[in-house]
Amino acid sequence: MRRNHLAGILVISIFTWVVIIYMALHDRPHHSSVISPDSAYGIGKLEEQIKEEYNANSKLFEDVKRVLESQREQNKALAEEQANQHEEERKEDELRLQSLSGPGVIAVLVFACSRTTVTRCLDQLIKYRPGPDQFPIIVSQDCHHQGTSDAIDAYAGQVFHIKQPDQSDIYVPPKEKKFRGYFKIARHYGWALNQTFFVYNFSSAIIIEDDLDVSPDIFSYFSATLPLLHQDPTLWCVSAWNDNGKKELVDVDSPELLHRTDFFPGLGWMLTKETWLELSRKWPPSYWDDWVRKPEQRKGRACIRPEVSRTRTFGKIGVSNGMFFEKHLKFIHLNDRYVDFTARNLSYLLKDNYDAAFVKTVYESPIVTHQELRAGTVVAQGPVRIPYNTKMKYKVAAKVLGLMDDFRSGVPRTGYRGVVSVFFRGRRVFLAPLSRWKGYDPSWS
Ligand SMILES: *[C@@H]1O[C@H](CO)[C@@H](O)[C@H](O)[C@H]1NC(C)=O
Ligand SMILES: *[C@@H]1O[C@H](CO)[C@@H](O)[C@H](O)[C@H]1NC(C)=O
Ligand SMILES: *[C@@H]1O[C@H](CO)[C@@H](O)[C@H](O)[C@H]1NC(C)=O
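Residues numbered from 1 in each chain as written. Chains lettered and ligands numbered in written order. Predicted model: local features only at pLDDT ≥ 70, side-chain atom pairs only at ≥ 80, totals over all residues. Heavy atoms only, no water.

Draft legend 1. A look at the site of ligand 3. Taken together, Asn 345, Ser 347, Tyr 348 and Asn 353 make up the full set of residues adjacent to ligand 3. A distance of 2.3 Å separates an oxygen atom of ligand 3 from a polar atom in the side chain of Asn 345. Between ligand 3 and the protein, one listed contact pairs an oxygen atom with a side-chain N or O atom of Ser 347 at 3.1 Å. When the free accessible area of ligand 3 is taken as 360 Å², the share hidden by the protein chains comes to 28%. Here the residues of the shell around ligand 3 sort into one nonpolar, three polar and no charged. (Near = heavy atom within 4 Å. Polar contact = N/O pair within 3.5 Å; in protein donor to acceptor, adjacent residues only side chain to side chain. Areas by Shrake-Rupley, 256 points an atom, 1.4 Å probe, with all protein chains shown as cover. Nonpolar A, V, L, I, M, F, W, Y, C, P; charged D, E, K, R; others polar.)

Next up, the structure:
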């Protein structure tokens, strides 16, 4: 194509040059009276030669034009053929995913956009998954970033690569211009989850973002907790993330320990098709994570979360801000001890078993202050409790102990029935509201 292009330019240049000379000489006799008959004869001959040259060049020019045109046609046909082939492959993948989507199969939906480091996440998922048919990995890509697309295609045969087709400009209210990324993310999630549940027909899916490291036992964790999601209507998700998962705040010797939480943690989480049926109908245009935390969506339901985080984020460049990564996210401890959750009895996490035991443990534990705890002057053995009855009291205690101190829709991170449970200097500590607690106050933020 490039060579043809150059040839075309060259021919056109010669042609133009010849035409100019021809015109100049052709005009001459009319204006010049000083030319001798002899030289007039010579000029006549030259004129003839130039005319011949001109004709030959015209023909050449036409030929080149024809060649270029046919090349264009060929390219168009090739592009069409490629598009057809892509469409065929897409259809094939779709059929294959549909045939894989049996009851015990969990789709692993990886969200990618323009970070080629998605490979770090894919390498781990492929290494740890027990079987490709039990955990088919679907990488859904937004943004159509070529480098990322190529990086994902290098896993052909191991993962399914799908692309969010709607790349049109997205509506963003003028005041929220700098949050455009959040609007695109919500659109991408809406599309990819619809594909997973309604087109490929999976009954459950794990959602992984392209900047997550995962623990070796992550698949065991999700396999074993899936029956809880089906069994207990007061649960709506299982998350691999502990928002207060710094090493100093978790019991690293109890990697098998799991909790219920009213706070949606995200960052590696599982939901069922039933839940998506409910959420998909009213999916928001942006900020979907804070949206699912609202009472209208949560409807009093909880998620399962681990004591020791099964995911960790390594990406600070992205939509969410880098400060949060530097100050907090990068300190989350990723579990490194393999637990076979499928061999364990997890029914203690069902609401009917959990709540009574939890409330008893929390409210029977002796009261201490955060000052005593920090000073190491607590004499009681076992778990202790720091009561709070205002937002400020909670925030002060949380800050002193190094916990996240924010609320979403009135729920503190990792909170369950208002209680935040951490492991501090070798003992269980509960930051707990008064025992007559009646529910969250959405105005706490
Ligand atoms: C996803 O499916 C739901 C139907 O449950 C539909 O209302 C919604 O518009 C779909 N979203 C996208 C992004 O296609
Ligand atoms: C989708 O899956 C359900 C079970 O999860 C099954 O009953 C149904 O036939 C499947 N539909 C299609 C179109 O494969
Ligand atoms: C599992 O634990 C529950 C209590 O949470 C108990 O009632 C049940 O008997 C246990 N099941 C088995 C098989 O041990």
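Draft legend 2. Spotlight on the sheet that holds strand E14 (residues 420–424). In space, the three strands of this open sheet follow the order E11-E15-E14, with mixed pairing throughout. The sheet is open, and its two edges are formed by strand E11 (384–387) and E14, each paired on a single side. Looking at each pair of strands side by side, their axes are set apart by 25° on average, direction ignored. One ladder, built from four bridges, connects E11 with strand E15 (residues 427–432); its direction is parallel. Across the sheet, residue Arg 385 finds its bridge partner in E15, namely Phe 430. Each of E11 and E15 touches helix H11 (residues 351–364); the most contacted strand, E15, lies at about 95° to it. Sitting on the sheet, helix H13 (residues 391–401) is in contact with E11, E14 and E15, with an inclination near 155° to E15. (Pairing = 2+ DSSP bridges. Helix = DSSP H or I, 4+ residues; strand = E, 2+ residues; numbered from the N terminus. Axes fitted to C-alpha atoms, helices over the stretch in contact; angles between N-to-C directions. Contact = heavy atoms within 4.5 Å.)

Draft legend 3. Expanded view of the nonpolar core. Val 108, Val 110, Leu 125, Ile 137 and Ile 208 are the most contacted members of the largest nonpolar core, which has 51 residues in total. The dominant element in this core, judged by the number of residues it contributes, is helix H6 (residues 218–231), at eight residues. Structurally, this core is a two-domain feature, drawing no fewer than three residues from each of domain 2 (101–349) and domain 3 (350–445). Beyond its immediate stretch of four places on either side in the chain, Leu 125 contacts Val 108, Val 110, Ile 137, Ile 208, Val 214 and Phe 219. (Core = buried A, V, L, I, M, F, W, Y, C linked by side-chain atoms within 4.5 Å. Buried < 20%, exposed > 50% of the residue type's maximum accessible area, 1.4 Å probe, protein only. Domains from an automatic or database assignment.)

Draft legend 4. Inspection of the sheet that holds strand E6 (residues 235–239) at higher detail. Taking strand neighbours across the sheet as the criterion, the eight strands line up as E3-E2-E1-E4-E8-E6-E9-E7 in an open arrangement whose pairing is mixed. Looking at which strands have only one partner, the edges of the open sheet turn out to be strand E3 (159–163) and strand E7 (258–261). For this sheet the average axis-to-axis angle between neighbouring strands, irrespective of direction, equals 25°. By the bridge criterion, four bridges tie E7 to strand E9 (residues 302–306) in an arrangement that is antiparallel. Looking at the pairing, Thr 261 lines up with Cys 303 of E9. The sheet strands contacting helix H5 (residues 180–199) are strand E1 (107–112), strand E2 (137–141), E3, strand E4 (204–209) and strand E8 (269–272), and the helix crosses E1 at an angle near 155°.

Draft legend 5. Expanded view of the state of the cysteines. Scanning all chains against the criterion turns up two disulfides. Covalently, Cys 113 is tied to Cys 143 through a disulfide, its sulfur atoms 1.8 Å apart. Residues Cys 113 and Cys 143 share a disulfide whose torsion about the S-S bond is about -80°; that sign makes it left-handed. Of this pair, Cys 113 sits in the loop between E1 and helix H3 (118–128) while Cys 143 sits in the loop between E2 and helix H4 (146–153); the two residues are 30 residues apart in sequence, bridging distant segments of the chain. Given a relative accessible area of 27%, Cys 113 falls into the partly exposed group. Disulfide pairing is shown between Cys 237 and Cys 303; the S-S distance is 2.2 Å. (Disulfide = S-S within 2.5 Å.)

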